[in-house]
Amino acid sequence: MSVLIPCFNAEMHITHAVNSCLNQDHQNIEVIVVDDGSTDKSLVELRKIKNTKLRVYTQSNRGASAARNHAYQFTCGQYIQHLDADDFLSPDKIKNQVDILTEEGNQLAISLSKTVYFYDGDDPEDGFQQNAWPIVDHDSPLQWLIEMLGPEQGSMVQPGAWLTPRTITDIIGPWNEGIDPSPDVDGEYFARAVLASKKIRRSREGAAFYRKYRMSKSMSSQRSENYLLGGVRSMDLIADLLLSKTQDPRAKKALARRYKEWAFTCYPHAPKVTQACLKKAEELGFGEFRPAFPTKVGRLLCTFLGWKLTKRLNYSYHQMKGRFGRR
């Protein structure tokens, strides 16, 4: 059993992440950390951990996908667990999933656990538990992926929730380093893993704990054009992969909905990316776009001003609020 952790400037959390893996109920385990050119004290913290099950490697800063691929070449476990450096696992997480996959006797089954989302500084046990759809048993990974992408309303699974047999990770190959930096590089990787599997099995016990940040600290809060382009490139790869397997109208609708989500996310930071996403949604046969603003004022403004102007006004408002708030 191999756990792979890419680490970049995670000195505050890396010890907790590693110890949560070393202290698993499943004892036949190795933990492989690749430090991706950290400039903080991450390596100092890692070297304080004295355990023969832990191996630490270093590389120049090349991104999380490259760090994961670097780590994978040193693995020998039958199962692969990915974990971000600021997240952690419950002690029973891996054992329950290994037991489930062992009982299946099918090395092309893949398992997922619930995820607990919590804000940094809060008690993780008080976090939100994602323990329903898409955390389910499913005998058609293709249909599961379509529904997860969401013809009507999509969902997501965090990378720490998965446990993947080596038979699958060997089939699908490495993480795609060409789409880093990206907010959804794991989505592209696990879409490949799901479609290479024969069934999905849910673990009813154990959890992956996913740390969120109130301030714009995490990668997913970034809005640079290059970062957003990485997310769209990931979406393009998922679309190509899915449409190579099926022409189901629900698959096309799900992909179009995701492209429209990206169009909304990218505006006004990357208007050209927005237009490209809307064009792809139109090519899939679902071009109409009516974003749902979360506030009553936003919905009202959208009705009279259109969604783009409303989004620009919202963006300008929060920029001004941030500047005045820092004075």
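1. Some details on the environment of Thr 164
Here is step 1: With respect to the helices and strands, Thr 164 occurs in strand 8 (residues 162–165).
Here is step 2: The class of Thr 164 is buried, set by a relative accessible area of 2%.
Here is step 3: Sequence separation of Thr 164 and Ser 2 is 162 residues, and the distance between their C-alpha atoms is 10 Å.
Here is step 4: For Thr 164, the residues in contact, after removing those within four places along its chain, are Gln 78, Tyr 79, Ile 80, Ile 110, Thr 169 and Phe 190.

2. Concerning the pairing of strand 2 (residues 30–36)
Here is step 1: Burial within strand 2 is extensive, with seven of its seven residues counted as buried.
Here is step 2: As judged from the six bridges shared by strand 1 (residues 2–7) and strand 2, these two strands associate in the parallel manner. Of the residues in strand 2, the one forming a bridge with Ser 2 is Glu 30.
Here is step 3: With helix 1 (residues 14–22) bridging strand 1 and the parallel strand 2, this β-α-β connection has right-handed handedness.
Here is step 4: In this structure, strand 2 lies alongside strand 3 (residues 54–59), joined through six bridges in parallel fashion. Considered in strand 3, the bridge of Asp 35 is made with Thr 58.
Here is step 5: Each parallel crossover has a hand, and for strand 2 linked through helix 2 (residues 42–47) to strand 3 it is right-handed.

Procedures and definitions
Residues numbered from 1 in each chain as written. Predicted model: local features only at pLDDT ≥ 70, side-chain atom pairs only at ≥ 80, totals over all residues. Heavy atoms only, no water. Helix = DSSP H or I, 4+ residues; strand = E, 2+ residues; numbered from the N terminus. Buried < 20%, exposed > 50% of the residue type's maximum accessible area, 1.4 Å probe, protein only. Contact = heavy atoms within 4.5 Å. Pairing = 2+ DSSP bridges. Right-handed = clockwise from strand over helix to strand, strands pointing away.

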